[in-house]
Amino acid sequence: MSQIDLIEPEDELPDYSQLSVPKRGEKEFQPDGTTIQQSALQTSLEAMYSALDSLRMHHIKQKLIGIWRTEDNCCYIPHPRGGYFKDMGVPSGKKGGVVLNAIECLYLVERGSMAVYLGDGNNSEEDIESTGLALNLSYLYALAKVDLAQYQIYSYLKRLGYIIQPYTSKMDHIPLFKPIKQTKMKPNYLVGLARNWGILSYPSFHPMHFKTKHYFNYTDIFKSLSLNTESIPKTTGNLKITFRVWKPTPSFSKKSPPSPDFHVVVLDTSTDTKFPSFADVQALHDEISSTNIKPKEQVKSPPKKKSSMPPSKKELRAKRQAERQSKLDQSIQKRNAYLNSRDQHLKNGSVTVVIAIVNQGIINFVNLSRGNFKLKECDNLDNVFPNKTHSIIYNEF
Amino acid sequence: MGKRNNRQLNKIYSRPLPITLTSQHYGITLPTLYPHNPISWIWFMIRYCQINVFYPVPESQTFEVHWENGIFKVVDEESMMKLWQMGFFGKGVLSRSEPTWKERVLARKKENVEAKDVAMEDITKMRREERKLFKSSRAQLQELELKDRQGIITAEEVEQLKALSETVQVLRKKGRVSGRSKSSIVERDSDGEDTDSEEEEDWEELAQLEYLQLQLVETFFLKFALNVINIPGIASTFDLFKTCCYQYDNNQSIQPNNKFIIDYVVYHHFRSLGWCVRSGIKFGTDFLLYKRGPPFTHAEYCVLVMKPDEQEYDWFQMAAKARVIGTVKKIFVLTYVGCPSPEEFKELVSQCEKDDTGLAIGDLLQQYKVSEILYRRWAPSRTRD
């Protein structure tokens, strides 16, 4: 659930008070003229320079060569090497070649991982280096037709280690929601008589309702107050999902990818800054929930600890919490687990789409989730307390 | 300490709505129903009939609300307190939210202010003073430390430095403790007032200058959903409905997307799910959702009411709101309200004119549709693993 937690940078850092050496003191904002401060600054600067100073190079065996195909706006790689093709490119030809789209190609060239040549159509794959025209980065930018906003998002997420593939819609059509008309029964004479005698109560929202009905708990009152408001019916939207994104996974396979961790919509707001309409967001949610047939179980394995790092404050807190929990009564433990998972459902909503907003080169990511305040289809809550109305927050246990 | 606190709070705020339960009034409950045991069904039915026939339904208290100059006011002291304690309705106009003005004045006039009489507002004040002291002593400490490093410190100042560093340590710890634990929740004994009757006598004539102001949606909820208020001059629920709607639509014909109706639909939606709903104006949104109420927990959600067919906001406004809401550790909820068509709306309103019981208004409000979207920032560098 880490994407859900509110941003709290301090919690993520290791608890330095547990370490003896790098104890954090008060931050200094201006030079105080002492040599102590000066030398501390100098040491860290030198550490940075020496890290940057080492020579970086590619091995000749790892040399990656691509041939730019202007007519298809893509790049053909006859001999793919290195670890880049786990998620990039589409296999092409019988000899194990791969075709990259313009965004992927641009990314690899910008990283300095690939050299791209422009052929005249007759060059053989083997001697392209001698007969083709080597493209430098600015030439490639001019040649490749790339949506800059999309490229910025792609390269940013890629550099962070995410696995990204372009999104292809598999959806045929969504069945549109048909409202069901409810017919209401008029109370007849006998019912009226019974009410006058105080045997039968008046319905909810009648001024006499709470004067004629016995209630034994507040949950029932809240239930009776429900207007049973429906959700807004489905429509069609104008936004398209751009990328499917996975967290870094070593076992990722291009052929049979698991359901993505994130769906990213790239939105260039340089000219139009309007927030998308409800229909747009709803259509995106519908599309995601219809393609993700099996929602991935959110079972999170405990993160592997780098042995040298002291536990972060967050982890210490969680550990203490768990210890305290285990001492409680079984039924209370069960209740607390139920309340926790209910909170998670409320916080996370049911479907999430990521909107990547690019405004003149500046990137901002926003998660938009479908709210689930009525807590529908929450099987794990039903498993604990099957007969409880989960959505009523006021707790009476 | 914390536990006792909670128990007292639970006692004061034992009712989430100003409705008296049969079980509270008579001290009786219905027997537990075991689905596998038919005898328990029979016993349940017998008890059920018995209670329905022999026990009259307990009368919930009715509160007097005044409609003056476009404000819904509660002036009776007991009603003010009850409406706050049973569902957190309204705001004391001279207080932060709970109408504590009179209590605070009385406490200030007393010689010995005991901890239990301290109002929420004063706690905040004390905490701020403490913080100020901490900051000034820290600044002093840093100054001395700099002198120490520069080697121009006197022996007297070395002593001072030692003492200061200790005070800063203590203050820092203190700030952390009171910041994290719920010590900001004040113990307030419900019958603590009577103990010092001697001193109080002089101040008994202190006039109550404070009144409780109810929001439009709160007033309408108390009337339409619970029917526990009585407004002189506004007899029927539909009259109140019209009065509230006209606050926004001055042309005497109510539109389906009237701001009051839309706000109320959202308010009722969350109230009927058991949330404590209060105004979110301090965070730039329409409502705040509390799990039980302000004395128990911080609000967890900020609700912004939106219209699905209008693009009222742009990304800049949304980002600004989300940023504010994020820093106070709440979750931003966009709540969209879909309206019925104008023809449908007109017909339902004309139904309301005929049927004065409030049921027709229920039918009208049922035609509104509610969907929520949660808005959250995503920091890709933090969700990678």
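Worth saying up front: this structure is predicted, and the values here are computed from it rather than measured.

*Asks:* Would you mind showing me how to read the overall build of chain B here?
*Replies:* Helix and strand content of chain B: 14 helices and 11 strands. Across chain B, contacts joining residues at least 24 apart in sequence account for 64% of those joining residues at least 6 apart.

*Asks:* I tried to follow a nonpolar patch on the surface on my own but got confused; where do I start?
*Replies:* Taken together, Leu41, Leu45, Met48, Tyr49 and Leu52 of chain A make up a surface patch of nonpolar side chains, about 510 Å² in accessible area. Tracing the backbone shows leucine 45 of chain A in helix α2 (residues 35–53).

*Asks:* Explain the UniProt feature "domain: tRNA intron endonuclease catalytic" (unreviewed entry) in chain B here, please?
*Replies:* Those residues carrying the UniProt feature "domain: tRNA intron endonuclease catalytic" (unreviewed entry) are residues 260–337 of chain B in this numbering. Between the C-alpha atoms that bound residues 260–337 of chain B the distance is 12 Å, and the span itself is 32% helix and 27% strand.

*Asks:* What is the right way to read the pairing of strand β11 (residues 369–377) of chain B from this model?
*Replies:* Residues and elements named next belong to chain B. Burial within β11 is extensive, with 8 of its 9 residues counted as buried. Relative to β11, strand β10 (residues 331–338) is paired through 7 bridges, and the arrangement is antiparallel. Bridge pairing links tyrosine 336 to serine 371 in β11.

*Asks:* How do you make sense of helix α12 (residues 315–327) of chain B when you look at a structure like this?
*Replies:* Three or four residues apart is the spacing at which side chains of an α-helix point the same way, because the helix has 3.6 residues per turn. For α12 of chain B, with 13 residues, the first-to-last C-alpha span of 18 Å sits near the 18 Å given by 1.5 Å per residue. Among the residues of α12 of chain B, those classed as buried are Trp315, Met318, Lys321, Ala322 and Ile325 of chain B. Take α12 of chain B and look down its axis: the buried residues cluster within an arc of 130°, on one side only. Along α12 of chain B, the residues that are exposed and aim more than 90 degrees away from the buried face are Phe316 and Thr327 of chain B. Close packing links the buried residues of α12 of chain B with β9 (262–268), β10 (352–359) and β11 (362–370) of chain A together with β9 (301–306), β10 and β11 of chain B. The opening residue of α12 of chain B is aspartate 314 of chain B, an N-cap whose side-chain oxygen sits 3.1 Å from the backbone nitrogen of phenylalanine 316 of chain B. Trailing α12 of chain B by a residue or two, lysine 329 of chain B shows a phi angle of about 55°, which is positive.

*Asks:* Where do I start with the side chain of glutamine 282 of chain A in this structure?
*Replies:* All names here are of chain A. Residue position: glutamine 282 is located in helix α10 (residues 278–291). When its relative accessible area of 7% is taken as the criterion, glutamine 282 is described as buried. Apart from the residues lying within four places of it in its own chain, the contact partners of glutamine 282 are Ile232, Pro233, Lys234, Thr235 and Arg370.

*Asks:* Where do I start with the nonpolar core in this structure?
*Replies:* Among soluble globular proteins, nonpolar side chains are generally buried collectively. Grouped together as the largest cluster of nonpolar side chains are 80 residues, with contacts concentrated most on Phe373 of chain A together with Leu17, Leu226, Phe260, Ile261, Tyr264 and Trp275 of chain B. If you tally residues by element for this core, the top one is helix α11 (residues 259–271) of chain B, at 8 residues. Residue contacts for leucine 226 of chain B: discarding those within four places in its chain leaves Phe210 and Leu225 of chain A together with Leu17, Pro18, Ile19 and Phe221 of chain B. Grouped together as the second largest cluster of nonpolar side chains are 41 residues, Tyr167, Ile232 and Phe275 of chain A together with Leu334 of chain B included.

*Asks:* Sorry, what's going on with a positive patch on the surface here?
*Replies:* Residues Lys91, Arg96, Arg127, Arg128 and Lys282 of chain B make up a contiguous surface patch of positive charge. Following the sequence through the fold, lysine 282 of chain B ends up in the loop between β7 (276–279) and β8 (287–290).

*Asks:* Hey, could you run me through the sheet that holds strand β4 (residues 91–92) of chain B in this one?
*Replies:* Pairing between the strands of a sheet is mediated by backbone hydrogen bonds and can be parallel or antiparallel. Residues and elements named next belong to chain B. Here we have 4 strands laid out as an open sheet, ordered β2-β3-β5-β4, and antiparallel in their pairing. The open sheet has two free edges, formed respectively by β2 (66–68) and β4, since each of these has just one partner strand. Examined bridge by bridge, β2 and strand β3 (residues 71–74) share 3 bridges and lie antiparallel to one another. Bridging across to β3, histidine 66 finds its partner in lysine 73. Against the sheet, helix α9 (residues 216–225) engages β3 and β5 (212–214), with an angle of about 85° to β5.

*Asks:* Looking at this structure, how should I read the sheet that holds strand β3 (residues 90–92) of chain A?
*Replies:* Residue and element names in this part refer to chain A. Taken in spatial order, the 6 strands of this open sheet run β3-β4-β2-β1-β5-β6, and their pairing is mixed. Each end of this open sheet is capped by a strand with a single partner; those strands are β3 and β6 (133–135). Each strand of the sheet is rotated relative to its neighbour by a mean of 35°, with strand direction disregarded. Taken together, the 3 bridges between strand β1 (residues 65–69) and strand β2 (residues 74–77) define a ladder with antiparallel strand orientation.

*Asks:* What is the right way to look at the pattern of salt bridges in this model?
*Replies:* On inspection of all chains with the given rule, the structure shows 14 salt bridges over all chains. The salt bridge partner of aspartate 239 of chain B is lysine 242 of chain B, with a shortest N-O separation of 4.0 Å. With aspartate 239 of chain B and lysine 242 of chain B both in helix α10 (residues 237–246), this residue pair falls 3 residues apart, about one helical turn. Look at the salt bridges and you will find they share partners, linking Asp343 of chain A together with Lys291 and Glu300 of chain B into a network.

*Asks:* Help me out: how do you make sense of the packing of helix α13 (residues 342–354) of chain B against helix α14 (residues 359–366) of chain B in this one?
*Replies:* When two helices pack together, their arrangement is given by the angle between their axes and by how far apart the axes lie. Residue and element names in this part refer to chain B. It is at 8 Å that the axes of α13 and α14 come closest, and there the two elements cross at 165°. By the angle between their directions, the pair α13 and α14 is classed as roughly antiparallel. The element α13 and its partner α14 pack so that their crossing is left-handed. Across from Phe345, Leu348, Val349, Gln351 and Cys352 in α13, the residues of α14 making contact are Ala360, Ile361, Asp363 and Leu364. Residue classes in the contact of α13 with α14 are distributed as 7 nonpolar, 1 polar and 1 charged.

*Asks:* What am I meant to see in the UniProt feature "domain: tRNA-splicing endonuclease subunit Sen54 N-terminal" (unreviewed entry) in chain A here?
*Replies:* Annotation from UniProt places "domain: tRNA-splicing endonuclease subunit Sen54 N-terminal" (unreviewed entry) at residues 49–117 of chain A. Annotated as residues 49–117 of chain A, this span is 22% helix and 29% strand, and its ends, taken at the C-alpha atoms, are 35 Å apart.

*Asks:* Hey, could you run me through the domain arrangement of chain A in this one?
*Replies:* How big an interface is tends to be expressed through the accessible area that disappears when the partners come together. Residues and elements named next belong to chain A. Assigned domains within chain A: domain 1 (60–146) and domain 2 (147–175 + 187–294 + 318–397). On a C-alpha basis, the centres of domain 1 and domain 2 stand 43 Å from each other. Between domain 1 and domain 2 the total buried area reaches about 1400 Å² when both faces are included, carbon and sulfur atoms providing 55% of it. Its largest share of buried area at the contact with domain 2, domain 1 owes to Lys86, Asp87 and Tyr107, together 46% of the area lost on that side. Linking domain 1 with domain 2 are 2 salt bridges. When the shortest N-O distance is used, the salt bridge between arginine 159 and glutamate 110 registers 3.6 Å. Between domain 1 and domain 2 we count 9 residue pairs in polar contact (both at pLDDT 80 or more) in total. The greatest single-element share of the side of domain 1 that touches domain 2, amounting to 6 residues, is contributed by helix α3 (residues 102–111). Per-class residue counts for the side of domain 1 that touches domain 2 are 7 nonpolar, 2 polar and 6 charged.

What counts as what
- Residues numbered from 1 in each chain as written.
- Chains lettered and ligands numbered in written order.
- Predicted model: local features only at pLDDT ≥ 70, side-chain atom pairs only at ≥ 80, totals over all residues.
- Heavy atoms only, no water.
- Helix = DSSP H or I, 4+ residues; strand = E, 2+ residues; numbered from the N terminus.
- Contact = heavy atoms within 4.5 Å.
- Patch = residues over 30% accessible without salt bridge, like charges linked within 9 Å, V, L, I, M, F, W, Y side chains within 5 Å.
- Areas by Shrake-Rupley, 256 points an atom, 1.4 Å probe, with all protein chains shown as cover.
- Salt bridge = Lys/Arg side-chain N within 4 Å of Asp/Glu carboxyl O.
- UniProt positions renumbered as here; feature names shortened; annotations may be inferred.
- Buried < 20%, exposed > 50% of the residue type's maximum accessible area, 1.4 Å probe, protein only.
- Pairing = 2+ DSSP bridges.
- Expected span 1.5 Å × (residues − 1).
- Arc of directions from axis to C-beta.
- Polar contact = N/O pair within 3.5 Å; in protein donor to acceptor, adjacent residues only side chain to side chain.
- Core = buried A, V, L, I, M, F, W, Y, C linked by side-chain atoms within 4.5 Å.
- Lys, Arg positive; Asp, Glu negative; His and termini not counted.
- Charge placed at Lys NZ, Arg CZ, Asp CG, Glu CD.
- Axes fitted to C-alpha atoms, helices over the stretch in contact; angles between N-to-C directions.
- Parallel < 35°, antiparallel > 145°, perpendicular 65-115°, else oblique.
- Left-handed = near helix turned anticlockwise from the far one by under 90°.
- Nonpolar A, V, L, I, M, F, W, Y, C, P; charged D, E, K, R; others polar.
- Domains from an automatic or database assignment.
- Buried area = accessible area lost by both parts, 1.4 Å probe.

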